[in-house]
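Okay, here's what each chain looks like letter by letter:
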Amino acid sequence: MSLPQKQSSETYEVTYDESRQELSKNGEVIIRNPHLNGLSSDVLYHLAISTDTHDLPALFGDVKFVCVGGTLKRMKQFAEYMAKELDIQFDGKDWTAASFRYSMFKVGPVLSVTHGMGISSLSILMHEIIKLVYYAKCKNVVFLRIGTSGGIGVEPGTVVITDKAVDGLLRPYYELYILGKVVRRPSICNKELVEELKSIAAQEIKDFPTISGTTMCTLDFYESQARLDGAFCDLTAQQKIDFLNKLKDANVVNIEMEAITFASMCHYTGIQGAIICVTLVNRLLGDQVSANKDYLYQLQTRPQILAAKLIKKRLALYKSQNI
Ligand code: R2B
Ligand code: URA
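If you're wondering where the values come from, they're calculated on a predicted model, not measured in any experiment.

A. Here's a closer look at the site of ligand 1. M117, R145, T148, F221, E256, M257 and E258 make up every residue found near ligand 1. Here M257 contributes a backbone N or O atom positioned 2.8 Å from an oxygen atom of ligand 1. Contact distances for ligand 1 include 2.5 Å between an oxygen atom and a side-chain N or O atom of E258. Burial of ligand 1 by the surrounding chains reaches 81%, relative to a free accessible area of 270 Å². Its residues assigned to classes, the shell around ligand 1 comprises 3 nonpolar, 1 polar and 3 charged.

Written as structure tokens, this is what we have:
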């Protein structure tokens, strides 16, 4: 890794060579934090899991897929669905129940984990789950975010595979403040995984539209997504529509609240990660997500169908290669 480059008095861009995208020789995640070596045990506080209370290699060493999504209902349902798909008995155990923060279910090689809403919540989960995968010595792990979003000019119910993640200023970065400086890390999506998902969708998914494109990730649901229906609003209807059209011209097909962080953290740790979100509303036509709950819930299963197909395909491949 090269040293952070000074961009201005306030911004550092962290650059690194392509080896960031490589796992260790045996497929395990490389943790680039020398301070962890000095810990006698590591408490994954928000998961209520610790290296001295849990035998992580024995409990989670077989994990190959970490699937994350916002809500408990969706991620529990995904675990149940994967259990059926993989013909495994689902025990219903929430491994992080004691944390009262996130929920995590395990179905054989698949973890199904909640991340809550927004970048802050997701980033805490990602730090701790990446460490879990590292301590458990999992090999060749793939991370998938299966979520919801607002669409730009696409039919509600369309599934979007993110090929580029941008922030609210349309920049492909995840920026955070560290030591009083802006640290900027690229939010690069894994090309191989995106292509694999596109090809599976093209060949095997006929029941709903699946596309790929740019996903804009914002810091809030209302003002940053140019909604006019928040508790307050300083935008005119014209400003809103101009902005959404600008997004459309920039090939943004959906908006959500975690993509830059998810893509950046996967890239930074060399983990293959992909974002698959269904759109719940066409933002060019309105702001409110007003379809009935049953229908919305049904739409949320669509990214799961694509994720399950990828998981089954990869598992068959790993089996044939003895991985
Ligand atoms: C999509 O949906 C949530 C907001 O309703 C947020 O977590 C996201 O990214
Ligand atoms: N999630 C978002 O972040 N935005 C939407 O419009 C819908 C779901």
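What follows continues from the structure just given.
B. Expanded view of the pairing of strand β11 (residues 181–186). The buried count for β11 comes to 5 of 6 residues, which makes it a mostly enclosed element. By the bridge criterion, 6 bridges tie strand β10 (residues 173–178) to β11 in an arrangement that is antiparallel. Across the sheet, Y173 pairs through a bridge with P186, a residue of β11. With antiparallel pairing between neighbouring strands as the criterion, β10 and β11 make up a hairpin whose turn holds 2 residues, including L179 at a positive phi of roughly 50°.

C. Broad picture of a nonpolar patch on the surface. On the surface, F221, Y222 and V289 cluster together to form a nonpolar patch covering roughly 230 Å² of accessible area. Positionally, Y222 belongs in the loop between β12 (210–217) and α5 (237–249).

D. Representation of the site of ligand 2 within the structure. The environment of ligand 2 is made up of S149, G150, F221, Q225, R227, I255, E256, M257 and V281. Within the backbone of G150, an N or O atom sits 3.5 Å from an oxygen atom of ligand 2. A total of 230 Å² of accessible area belongs to ligand 2 in isolation, and the protein chains cover 92% of it. Those elements giving two or more residues to the shell around ligand 2 turn out to be β8 (142–151) and β13 (252–256).

E. Quick look at the environment of L219. Looking at the element boundaries, L219 is found in the loop between β12 and α5. Looking at L219, the relative accessible area reads 72%, which means it is exposed. Sequence separation between L219 and G118 is 101 residues; the distance between their C-alpha atoms is 6.8 Å. When near neighbours in sequence (up to four residues on either side) are disregarded, L219 contacts I119, S224 and M257.

F. Looking closely at α5. Over its 13 residues, α5 extends 18 Å from the first C-alpha to the last, a length consistent with the 18 Å expected when each residue adds 1.5 Å. K240, L244 and L247 are the residues of α5 that are buried. Along the long axis of α5, the arc covered by the buried residues comes to 50°, so they all point the same way. Looking at the buried residues of α5, the elements they touch are β12 and β13. Just past α5, the residue N251 takes up positive phi, approximately 65°.

G. Spotlight on the environment of K131. Structurally, K131 is set in helix α3 (residues 119–135). Apart from the residues lying within four places of it in its own chain, the contact partners of K131 are I31, L36, D42 and L44. A distance of 2.9 Å separates polar atoms of two side chains, one belonging to K131 and the other to D42.

H. The arrangement of the side chain of K106 in detail. Residue placement: K106 occurs in strand β6 (residues 104–107). Given a relative accessible area of 14%, K106 falls into the buried group. Here D62 takes part through its side chain, which lies 3.0 Å from a polar atom of the side chain of K106. Of note is the side chain of K106, whose polar atom sits 2.7 Å from the backbone oxygen of G108. Here K106 is in contact with L59, F60, D62, V63, F90, D91, W95 and L111, once residues within four sequence places are set aside.

Rules used throughout
Residues numbered from 1 in each chain as written. Chains lettered and ligands numbered in written order. Predicted model: local features only at pLDDT ≥ 70, side-chain atom pairs only at ≥ 80, totals over all residues. Heavy atoms only, no water. Near = heavy atom within 4 Å. Polar contact = N/O pair within 3.5 Å; in protein donor to acceptor, adjacent residues only side chain to side chain. Areas by Shrake-Rupley, 256 points an atom, 1.4 Å probe, with all protein chains shown as cover. Nonpolar A, V, L, I, M, F, W, Y, C, P; charged D, E, K, R; others polar. Buried < 20%, exposed > 50% of the residue type's maximum accessible area, 1.4 Å probe, protein only. Helix = DSSP H or I, 4+ residues; strand = E, 2+ residues; numbered from the N terminus. Pairing = 2+ DSSP bridges. Patch = residues over 30% accessible without salt bridge, like charges linked within 9 Å, V, L, I, M, F, W, Y side chains within 5 Å. Salt bridge = Lys/Arg side-chain N within 4 Å of Asp/Glu carboxyl O. Contact = heavy atoms within 4.5 Å. Expected span 1.5 Å × (residues − 1). Arc of directions from axis to C-beta.

In short, geometric facts, not functional conclusions.
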